[in-house]
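Okay, here's what each chain looks like letter by letter:
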Amino acid sequence: MSFSFENKVALVTGAASGIGLATAQAFARAGAAVALADIDGGAAQAAAQALIAAGHRAIGIRCDVADVGQVQAMVKETVATFGRLDAAFNNAGIQNLLAETADATVEDYDRVMSVNLRGVWACMKFELEHMRRQGGGTIVNCSSLGGLIGGAERGNYHAAKHGVLGLTKSAALEYAARNIRVNAVCPGLIWTPMAERMVEAGQGEALAGMTKAIPMGRHGKPEEIADAVLWLSSSTSSYVTGQSISVDGGFVMR
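Keep in mind it's a predicted model, so treat the numbers as computed, not measured.

### Focus on the layout of surface pockets
Thinking step 1. There is about 380 Å³ of room inside the second largest pocket.
Thinking step 2. Lining the second largest pocket are 20 residues, with K8, T138, S233, S234 and S235 positioned closest to its centre.
Thinking step 3. Each residue belonging to the lining of the second largest pocket can be placed in one class, and the counts come to three nonpolar, 13 polar and four charged.

Quick look at the structure:
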């Protein structure tokens, strides 16, 4: 299925690589002007320039979503540049340091929550402020397979990703009658730079074991998440809000 986002504006966080980059590229190919935001501002700018060179409209923005002021500025710059905001994919996230709950540190808890949960909340706050004035829009939040199940030594990450689903459902209820839809995607094992870093950190065996447990027998691709995000952001899902779509090769249905 192809989607059209002609004359629309999309904002993607964590857009310099992996799922975020694949989604920003998919929005651009579908006709949207795209704001690519990432804590790595240089990489976001480079990704935006590549889209511009291919004939698309794009800007790169440095944004640490843990900083509420930077998030507000990101949304303002997007609207100032393109005049509106129709679709947002709040994707930026980080992993926790592996530790049993009794051994996890306050510092790691705060670090993970500031990006994975408060960062999504801040993005939604300022996106919704604009979409409410504009009269409509769509938001897709990136939760995780970890937002649906528990995970040993991953409590901080899973708690944050569960929280994203709570924020998603609550905002969906608040704005359902105001032409604003809010949904979430829950990626399973997707091969991204984050997965590569997990392998480098010695978690390759765990990832291999997880792959064997996936009914489809393989890890996913960033583009497969992008397809789900574009569907949730498009008019073809116009009666869908408050949902969490698991894109995981069947892992959670076992």
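### Here's the deal with helix α4 (residues 106-116)
Thinking step 1. Turning to α4, its buried residues are D108, V112, M113, S114, V115 and N116.
Thinking step 2. Contacts from the buried residues of α4 go to α5 (118-134) and α6 (155-175).

### Considering the pairing of strand β6 (residues 180-187)
Regular strands show a simple pattern: their side chains alternate between the two faces of the sheet.
Thinking step 1. Most of β6 sits out of view: eight of its eight residues are buried.
Thinking step 2. Both faces of β6 are covered, namely the face carrying I180, V182, A184 and C186 and the face carrying R181, N183, V185 and P187.
Thinking step 3. Where strand β5 (residues 137-142) lies against β6, six bridges are found, and the strand directions are parallel. Residue pairing across strands places N141 opposite A184, the latter belonging to β6.
Thinking step 4. The parallel pair β5 and β6, bridged by α6, forms a crossover whose chirality is right-handed.
Thinking step 5. Pairing of β6 with strand β7 (residues 244-247) involves four bridges; the strand directions are parallel. Each bridged residue has a counterpart across the sheet, and for C186 the counterpart in β7 is S246.

Criteria and thresholds
- Residues numbered from 1 in each chain as written.
- Predicted model: local features only at pLDDT ≥ 70, side-chain atom pairs only at ≥ 80, totals over all residues.
- Heavy atoms only, no water.
- 1 Å grid on protein atoms, 1.4 Å probe; cavity = no way out; pocket = protein on both sides within 12 Å on 5 of 7 lines; lining within 4 Å.
- Points joined across faces, edges and corners; volume = space filled by probe spheres on them.
- Nonpolar A, V, L, I, M, F, W, Y, C, P; charged D, E, K, R; others polar.
- Buried < 20%, exposed > 50% of the residue type's maximum accessible area, 1.4 Å probe, protein only.
- Helix = DSSP H or I, 4+ residues; strand = E, 2+ residues; numbered from the N terminus.
- Contact = heavy atoms within 4.5 Å.
- Pairing = 2+ DSSP bridges.
- Right-handed = clockwise from strand over helix to strand, strands pointing away.

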